[in-house]
Amino acid sequence: MKINLKNGESMSFTKKFPMNVFEIQDTLDRLKIPDDKPIVRFEISEYDNMDFPFELCLRDFSADIYRLNLFAERLEKLDSSEMTAFRSLLKINPESSFEDILKMTYGLDSVMIYPCSDCRELGEMVIENDLMPEIENCSNEILELLDREKVGRLMREREGGVFINERYCVTSGYEPPNINIEIGRPENCFFRLLIAPDSTKKEQSHWVTLPCERAKLFEIYDGVCLEFQSSLPSVQFSDTHQIGKLNELSECLSHLYHGNFVKLKAVMESENIYEISDVIDCIDRLDEYQFDRNIFNQSDFGRAYLLKNIHKNFDFSAVEDMNLCDFGRVILERKQGEITSYGAISGRGQELYSFLTVQPEQQLDEDVEEDMEEDLEPEIGGISL
């Protein structure tokens, strides 16, 4: 399922759920939301989820992203009958909170489902099976005179039933499960690898997390990597003979505080770094870059640049609502930086918010132009004009 995630008015993007834990953490970094308080705002678009219950679309929700991911996992595993039952519950409880909707994915077998598409067919089934006390002792002649649609409508009102996908669902028998859904936080690692002895023995595969002790690397070296999960989205890994280098990278990452970890991802995106050895080199020179995680776009950067460089008495409200996209773009180009998915990153050896100064070559050209203008000044009677 595709979900549109939001952070204020400036940041929104669509992600496909469910995700693995590294993808969730990277999404939080892109949204600039701390992992210890991972509450996200989101909307389920009807255009990206045509087979999804319409009752959930076009509503604004707020939830822990790990619970949102669990919800996506639960929906993905529902069979056709369970999805029908789930949709029937949504139909009679359209204003349910996200927490209640999550719980609705449990205990769906208590919703009885019958193959009826409307009240007339339901009435026919009720009469044929003597499902109402009023008609139990009626003769066949009397039963033939009954209005099937009215009988079906009365039955639906009594049971709180709804029609979904050519099915009749009895929602009155459903009771929200008395459960407390606990979401554990992920273990502290940077890479997960599903390793098998060889490609013909996938049933013997097992997960390995990095960093790990050197002794464990030997069992990976000659194995086959069936799946690779990474906390660094652009890192590529397919050759298990590189496992020692990947573990070395994991050790390096374990010494970074989270702000520098996000900064590393910004530099990697800006400079298209994906080789393991290049990432290790990049970590060693992170101090050569400046990073502002609070910048969403070029206009934001332009406004931040002005705020840091304009005189303190300047009335900043004059430009507060101004679109400074072009200004921010030009400044960033001079700084050899860019806006990444994680914020604004400078070029190597550059400062994001320092004054722009005339470059030596540019100053030399301007001095030459001034000298030429002085030499070309006309003189009349020995007096320069």
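Quantities reported herein were computed from a predicted structural model and do not represent experimental measurements. (Residues numbered from 1 in each chain as written. Predicted model: local features only at pLDDT ≥ 70, side-chain atom pairs only at ≥ 80, totals over all residues. Heavy atoms only, no water.)

What follows deals with the overall build of the protein. What the protein contains, in helices and strands, is 14 helices and 15 strands. Per-residue burial over the protein gives 41% buried out of 385 residues. Put simply, 64% of the contacts in the protein that link residues at least 6 apart link residues at least 24 apart. With the model as given, the accessible surface of the protein reaches about 22300 Å², and the carbon-plus-sulfur share is 46%. (Helix = DSSP H or I, 4+ residues; strand = E, 2+ residues; numbered from the N terminus. Buried < 20%, exposed > 50% of the residue type's maximum accessible area, 1.4 Å probe, protein only. Contact = heavy atoms within 4.5 Å. Areas by Shrake-Rupley, 256 points an atom, 1.4 Å probe, with all protein chains shown as cover.)

The next thing to look at is the sheet that holds strand E2 (residues 11-16). Within the open sheet, the four strands sit side by side as E2-E1-E3-E4. Their pairing is antiparallel. Whereas interior strands pair on both sides, the edge strands pair on one side only; in this sheet they are E2 and strand E4 (60-64). Looking at each pair of strands side by side, their axes are set apart by 35° on average, direction ignored. With five bridges joining them, strand E3 (residues 39-44) and E4 adopt antiparallel strand pairing. Opposite arginine 41, over in E4, you have serine 62 as the bridge partner. Against the sheet, helix H1 (residues 21-31) makes contact with strand E1 (2-7), E2 and E3, and its axis sits at roughly 165° relative to E2, the strand it touches most. Docked against the sheet, helix H2 (residues 65-77) engages E1, E3 and E4, running at close to 105° with respect to E4. (Pairing = 2+ DSSP bridges. Axes fitted to C-alpha atoms, helices over the stretch in contact; angles between N-to-C directions.)

Right, let's talk about the packing of helix H10 (residues 258-271) against helix H11 (residues 276-284) for a bit. It is at 10 Å that the axes of H10 and H11 come closest, and there the two elements cross at 125°. When the axis of H10 is compared with that of H11, the two are oblique. Here H10 runs over H11; the crossing is right-handed. In contact with Leu264, Val267 and Met268 of H10, H11 contributes Val279, Cys282 and Ile283. Tallied by class, the residues present in the contact of H10 with H11 amount to six nonpolar, no polar and no charged. (Parallel < 35°, antiparallel > 145°, perpendicular 65-115°, else oblique. Left-handed = near helix turned anticlockwise from the far one by under 90°. Nonpolar A, V, L, I, M, F, W, Y, C, P; charged D, E, K, R; others polar.)

In the contact formed by H1 and H2, the axes pass within 11 Å of each other and the chain directions differ by 135°. Compared by their axis directions, H1 and H2 come out oblique. In the packing of H1 onto H2, the handedness of the crossing is right-handed. Together, Val21, Ile24, Gln25, Thr27 and Leu28 of H1 and Ile65, Tyr66 and Asn69 of H2 make up the contact between the two elements. Broken down by class, the residue content of the contact of H1 with H2 amounts to five nonpolar, three polar and no charged.

A few words now on the environment of lysine 37. You can see lysine 37 is positioned in the loop between H1 and E3. For the pair formed by lysine 37 and aspartate 64, sequence separation is 27 residues and the distance between their alpha carbons is 7.8 Å.

The analysis is restricted to geometry; functional conclusions fall outside its scope.
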